[in-house]
Amino acid sequence: MRGVGRRLVALAVLAVTGAAAGGLLGARPAAAHAQLLGSDPRADSTVTTQLDEITLTFNELVRGNFSTVVVTGPDGVRHGAGQPRAADKRVHLPVEPVRSGSYRVAYRVVSADGHPIQGQFRFTVALAPALEPTGEPAAPPATADGPSVSPAAGVPTADTGAGAGLWGAGAAGLGVALVGAGFVLVRRRRRIPAR
């Protein structure tokens, strides 16, 4: 009877340990990646003055050399006038003169921890006739030339793919190893004669 009790205790300890380890490995690390806090102009706002830049503000530092911001006007023309520049938690993109209409800002930035996030938002420009630019708009660029930014509807995309697969595989592997160790322990205890 004493041997049976020891086996039950050993199995219970293994089960609790396995469940705890599986829970730890199965849990994803805290998502402490950059998130867009605001912008200038704000999402869904109406601008009545001429713009010279778009500013995105994040909750943590972002890597400027990996940032992409694309401002597309109502005629499909891109209005960025240079490369995005990161300063602390902000990304600035100079823009060419804009006309009245709806504009889309698509962004892809990399957090300080190396995690990329992307998103998009829209704003509207409603200028008085005297403030409208007088020059002809530039021709739309070929889609293959510029950086590819195709975010989902206005929110940073979830981190899916390889990271989630590795965590799941690790948890499954540890669970199998713990169950195997439990069987070996039980079989060894059966072979030891009771005293």
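Rules of the game
- Residues numbered from 1 in each chain as written.
- Predicted model: local features only at pLDDT ≥ 70, side-chain atom pairs only at ≥ 80, totals over all residues.
- Heavy atoms only, no water.
- Core = buried A, V, L, I, M, F, W, Y, C linked by side-chain atoms within 4.5 Å.
- Buried < 20%, exposed > 50% of the residue type's maximum accessible area, 1.4 Å probe, protein only.
- Helix = DSSP H or I, 4+ residues; strand = E, 2+ residues; numbered from the N terminus.
- Contact = heavy atoms within 4.5 Å.
- Pairing = 2+ DSSP bridges.
- Axes fitted to C-alpha atoms, helices over the stretch in contact; angles between N-to-C directions.
- Polar contact = N/O pair within 3.5 Å; in protein donor to acceptor, adjacent residues only side chain to side chain.
- Phe/Tyr/Trp six-rings, centres within 6.5 Å; stacked < 30°, edge-to-face > 60°.

**Student:** If you had to explain the nonpolar core to someone new, which residues and values would you point to?
**Tutor:** The biggest cluster of nonpolar side chains holds 22 residues, and the ones touching the most others in it are Ile54, Leu56, Phe58, Val105 and Phe123. Broken down by secondary-structure element, the contributors of at least two residues to this core are strand S3 (53-58), strand S4 (62-72), strand S6 (90-94), strand S7 (101-111) and strand S8 (116-125). In this view, Leu56 contacts Leu36, Gly38, Ser39, Val69, Lys89, Arg90, Val91, Val105, Tyr107 and Phe121; residues no more than four positions away in its chain are not counted.

**Student:** Tell me about the pairing of S6, and please be specific about residues and values.
**Tutor:** As defined by bridge partners, S3 adjoins S6 across 5 bridges and the pair is classed as antiparallel. Pairing of Thr57 across the sheet is with Arg90, part of S6.

**Student:** With reference to specific residues and values, describe the sheet that holds strand S5 (residues 85-87).
**Tutor:** Taken in spatial order, the 4 strands line up as S1-S3-S6-S5 in an open sheet, and their pairing is antiparallel. Looking along the sheet, the strands with just one partner apiece sit at the ends: strand S1 (36-40) and S5. Averaged over all adjacent pairs, the angle separating strand axes in this sheet is 20°, with direction ignored.

**Student:** Lay out the sheet that holds S4 in plain terms, naming residues and giving numbers.
**Tutor:** Paired through their backbone hydrogen bonds, the strands of a sheet run either parallel or antiparallel. Ordered in space as S2-S8-S7-S4, the 4 strands form an open sheet in which the pairing is mixed. In this open sheet, the two edge strands, each paired with only one partner strand, are strand S2 (46-47) and S4. Where S2 meets S8, 2 bridges bridge the pair, whose relative direction is parallel. From the neighbouring strand, Thr46 faces S8, where its bridge partner is Thr124.

**Student:** Can you break down the side chain of His92 residue by residue, with the values?
**Tutor:** Inspection of the secondary structure puts His92 in strand S6. We classify His92 as buried; its relative accessible area is 13%. Of the polar contacts made by the side chain of His92, one reaches the side chain of Glu53; its length is 3.1 Å. In this structure His92 touches Glu53, Ile54, Thr55, Gln83, Pro84, Arg85 and Ala87, once residues within four positions along its chain are discounted.

**Student:** Break down the packing of aromatic side chains for me, with residues and values.
**Tutor:** Scanning the entire structure with this criterion turns up 2 aromatic pairs. On the numbers, 5.9 Å between centres and 70° between planes, the contact of Phe58 with Tyr107 is edge-to-face. With a gap of 49 residues between them, Phe58 in strand S3 and Tyr107 in strand S7 connect regions that are remote in the sequence. By relative accessible area, which is 1% here, Phe58 ends up buried. For Tyr107, a relative accessible area of 1% gives the class buried. Aromatic side chains Tyr103 and Phe123 sit 5.6 Å apart centroid to centroid with 15° between the ring planes, which places their arrangement in the stacked category. Of this pair, Tyr103 sits in strand S7 while Phe123 sits in strand S8, placing them 20 residues apart in sequence. Its relative accessible area of 1% is what places Tyr103 among the buried residues.

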